[in-house]
Amino acid sequence: MTPREFFAFAKRNKAEMVDLKFTDFLGTWQHCSFPTSTWDVNTFKDGVGFDGSSIRGWQAIDVSDMLAIPDPSTAVMDPFFKEPTVSVIADIFDPMTRKPYSRDPRYIAQKAEAFIKKSRLAETCFVGPEPEFFIFDEVRYEQTQHRGFYQIDSVEGAWNTARFEEPNLGYKPSYKGGYFPVSPTDTYHDLRGEMVKEMQKVGIIVEAHHHEVGTAGQAEIDMRFEPLLKMADNFMWFKYIIRNVAKNHGKSATFMPKPIFDDNGSGMHVHLSLWKAGKPLFAGKKYAGLSQMALHAIGGILKHAPALLAFCAPTSNSYRRLVPGFEAPVNLAMSARNRSAAVRIPMYSDSPKAKRLEFRCPDPTCNSYLAFSALLMAMIDGIKNKISPGDPLDRDIYEMTPEELKHVPHTPDRLEKALESLAEDHEFLLRGGVFTEDVISTYIDYKMENEVEPLKLRPHPHEFFLYYDS
C-alpha cells in the first residue's frame, strides 16, 4: 500500500481517525491517534513528533524529540475502536539526522532481514511462533513497603471444583490436564474462536487454536509462518487482539510465563527455516532429515542459547518456567522428538518445505523484533562457522542418571545469568550492524536496574511461610 492508497483505504472504510502504533524497547505497543484529515502523503515522509524520553529505554530528556514515520504497507482497520479507525505501524527516526533510530526494535528486524540477504546464505527467514497464554476471570496484585501479594482466579481453575457457582457443575481442567479436552471442560472454545476471527480481519493466517495443558484457561493459538519482520508485526497484533477480546468478555489474558504455581507455564516455541529462490534450505539427508546447513544453524542457536535467552526469555518469571519437569526445554541439545530438548525437529511431515527447527525456550513476554532477529543472527553464525550441534538427546531424561545429565548443558536458571551471558557473548549480534553495542548495553542496564535489582530488595511471600517464626 502506497501513501495515496492508504487514504483511499481509509475513505473506503469511512475511517475518520488513524491510530499510529510503534513498539517500545521492551516490546510493548505505544499509540497515538489523529484525525485522518490532519495527515497527507507527506506525513509518510515527514512523520509525526513525540517525546522519546517517556518511552522505556529510549532518549534522555535533553534529546527527547523523536519522529514516528508510518509504514503504509501495515495499514489495517483496528478492530477495537468504536469509530472506524485505520491503524498503521511506524518506524522511529532521529529528527536531527533523519536516520533510523538504533533502539527501534523494528529497525533491528529490518536490518536482520537485510543482513541474511547480503550474506547470500539465504533470502528469507521464515518464523512460526506458538504463543501460549492464560485467560483469567480476575487478577489482583500489589507491592508496597508493608504488603506484597498476588491473587488470580478462573472459573476453569482446578482449585474451583468446590466454589459456589449456582450450580457448580465440576467441569474444571485438572492440573496439567488441560490438553485438548472438548467442552464442557474446555469452556473457552468460542472465546478463542473470536480471537481467531479478529486476527483474520487484520490479515493474520491462523493454523489452529486449542486449550493447553495448564488449568485455569491456558490456551494456544498458532499463526502460519511468515517472513521475520512480518511475523514480528503480526505478533504485536496477536497480543493486542487476545487482550482486547478477553477484556470485552470480562476476562483478563496474560502472557506471563508462569502465573500458576505447580502447573505448566506458557512458552512460545519458535519454528525457524531459511529459504532461497523459493526453495527450503533446511531439508537434507542428515539427522532427522535435515541439511548440513540446518545442523549448523542449530549449532549456532545452542552455542549462543544462554545469551539468546536474555531476549527470548526476558523476565525473571521466565525462569520459573525454565525448570526441570513440566516438559520444560532446559537441556541445550537437539532432538527429533524429545520435548525436553531446547531444539526439536518436528517430524510430522516428510515434505522438504516442512523441514525446520523448533527452538522451545522462548516465551511470549519477549520483544518479537529483538528475539527473532537474535535467533537469525545465531543461525547465521552457526552456518558461517560450521558449529556442530553435538549429539542429539533422544532419550527420556527421566530415565537418565544424574551423571549422564551432568554432561548436557542447561539453560540459565535466572534472568541475571542470561543478561551476564549476553554481556559476554554478543559479538555475533553485532555483525552487519544488526544490533549495536548501544542496544546491548542499554538493554542489559535497563533489565538489571528495573527488574533484577528491585526483585532482590523485596521479601517474597513464601519467605514468610519459611522464616517468620524462625
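Conventions and cut-offs
- Residues numbered from 1 in each chain as written.
- Predicted model: local features only at pLDDT ≥ 70, side-chain atom pairs only at ≥ 80, totals over all residues.
- Heavy atoms only, no water.
- Buried < 20%, exposed > 50% of the residue type's maximum accessible area, 1.4 Å probe, protein only.
- Helix = DSSP H or I, 4+ residues; strand = E, 2+ residues; numbered from the N terminus.
- Pairing = 2+ DSSP bridges.
- Salt bridge = Lys/Arg side-chain N within 4 Å of Asp/Glu carboxyl O.
- Axes fitted to C-alpha atoms, helices over the stretch in contact; angles between N-to-C directions.
- Parallel < 35°, antiparallel > 145°, perpendicular 65-115°, else oblique.
- Left-handed = near helix turned anticlockwise from the far one by under 90°.
- Contact = heavy atoms within 4.5 Å.
- Nonpolar A, V, L, I, M, F, W, Y, C, P; charged D, E, K, R; others polar.
- Phe/Tyr/Trp six-rings, centres within 6.5 Å; stacked < 30°, edge-to-face > 60°.
- UniProt positions renumbered as here; feature names shortened; annotations may be inferred.
- Expected span 1.5 Å × (residues − 1).
- Disulfide = S-S within 2.5 Å.

Burial of strand β11 (residues 218-223) is extensive: 6 of the 6 residues sit out of reach of the surface. Taking every second residue as pointing to the same face, both faces of β11 are buried, with Q218, E220 and D222 on one and A219, I221 and M223 on the other. Two elements, strand β7 (residues 124-136) and β11, share 3 bridges in a ladder whose sense is antiparallel. Bridging across to β11, E132 finds its partner in E220.

Pairs may arise between side chains of opposite charge once their charged atoms sit close together. Considering all chains together, one arrives at 20 salt bridges under this definition. A salt bridge links D438 to R103, with the shortest nitrogen-to-oxygen separation between them at 2.8 Å. One end of the pair, D438, is in helix α12 (residues 437-457); the other, R103, is in the loop between β6 (85-93) and α3 (105-119), with 335 residues separating them in the sequence. D438 gets classed as partly exposed once you look at its relative accessible area, which sits at 30%. A residue is classified by how much of its surface remains accessible, and R103, at 15% relative accessible area, is buried. Measuring nitrogen to oxygen at the nearest pair gives 3.2 Å for the salt bridge that ties K201 to E198. Note that K201 and E198 are positioned in helix α4 (residues 189-201) at a spacing of 3 residues, about one turn of the helix. Overall, the relative accessible area of 52% leaves K201 in the exposed class. For E198, a relative accessible area of 10% corresponds to the buried category. Connected through salt bridges with shared partners, the residues D71, D91, R106 and D233 form a single ionic network.

What follows concerns the packing of α4 against helix α5 (residues 228-248). Packing of α4 against α5 brings their axes to within 9 Å, and their N-to-C directions diverge by 135°. Between α4 and α5, the angle falls in the class oblique. The handedness of the crossing between α4 and α5 comes out as right-handed. When α4 is examined against α5, the residues L191, E194, M195, E198 and M199 are found in contact with a partner set consisting of F238, I241, I242, V245 and A246. For the contact of α4 with α5, the class distribution of residues is 8 nonpolar, no polar and 2 charged.

By the element assignment, I301 lies in helix α6 (residues 292-312). Note on I301: relative accessible area 0%, which makes it buried. Excluding residues that lie within four positions of it along the chain, I301 makes contacts with L272, L308, V343, L357, F359, L375, A378 and M379.

This part takes up the pairing of strand β8 (residues 138-143). Bridging between β8 and strand β9 (residues 148-153) involves 6 bridges; their strand directions are antiparallel. Bridge pairing in β9 links R140 to Q151. Adjacent in sequence and paired antiparallel, β8 and β9 are bridged by 4 residues.

As a further point, take the packing of aromatic side chains. Enumeration over the complete set of coordinates arrives at 25 aromatic pairs. Centre to centre, the rings of F25 and Y443 are 6.0 Å apart; their planes meet at 80°, and the pair counts as edge-to-face. A residue pair is termed long-range when its members are at least 10 positions apart, and F25 in the loop between β1 (17-23) and β2 (29-35) and Y443 in helix α12 qualify at 418 residues. Side by side, F25 and Y443 carry an identical accessibility label, which is buried. When the ring of F311 is compared with that of Y443, the centres are 4.6 Å apart and the planes differ by 45°; the resulting orientation is tilted. Of this pair, F311 sits in helix α6 while Y443 sits in helix α12; the two residues are 132 residues apart in sequence, bridging distant segments of the chain. Take F311: its relative accessible area is 2%, and that puts it in the buried class.

Here we come to the UniProt feature "binding site: ATP" (unreviewed entry) in the protein chain. Feature annotation in UniProt assigns "binding site: ATP" (unreviewed entry) to the following positions: E207, H271, L272, S273, R339 and K353. Inspection of the secondary structure assignment puts E207 in strand β10 (residues 206-211). By relative accessible area, which is 54% here, E207 ends up exposed. When neighbours within four sequence positions are excluded, E207 is seen to be in contact with D222, M223 and R224. By the secondary structure assignment, L272 is in strand β14 (residues 268-276).

A separate point is the packing of helix α10 (residues 415-424) against α12. Contact geometry of α10 with α12 gives a least axis separation of 10 Å together with a crossing angle of 160°. When the axes of α10 and α12 are compared, the pair comes out roughly antiparallel. Of the two elements, α10 crosses α12, and the hand of that crossing is left-handed. Of α12, the residues touching α10 (which contributes L415, E416, L419, L422 and A423) are I440, Y443, I444, K447, M448, E451, V452 and K456. The class makeup of the residues in the contact of α10 with α12 is 9 nonpolar, no polar and 4 charged.

The end-to-end C-alpha distance of α5, which contains 21 residues, comes to 30 Å, matching closely the 30 Å that a straight helix rising 1.5 Å per residue would cover. Most of α5 sits out of view: 16 of its 21 residues are buried.

Attention now goes to the UniProt feature "binding site: L-glutamate" (unreviewed entry) in the protein chain. Within this structure's numbering, the places UniProt gives as "binding site: L-glutamate" (unreviewed entry) are N264, G265, R321, E327, R339 and R360. A maximum C-alpha distance of 14.2 Å among these annotated residues, which run over 97 residues, shows that they cluster at one spot. Inspection of the secondary structure puts G265 in the loop between β13 (252-254) and β14. When its relative accessible area of 15% is taken as the criterion, G265 is described as buried. Among residues more than four places away in sequence, those in contact with G265 are E132, Q218, P257, K258 and R321. Within the secondary structure, R321 sits in helix α7 (residues 318-321).

Let's shift gears to the state of the cysteines. Scanning the entire structure with this criterion turns up 0 disulfides. The thiol of C312 is unpaired, and the distance to the nearest cysteine sulfur, on C366, comes to 6.3 Å.

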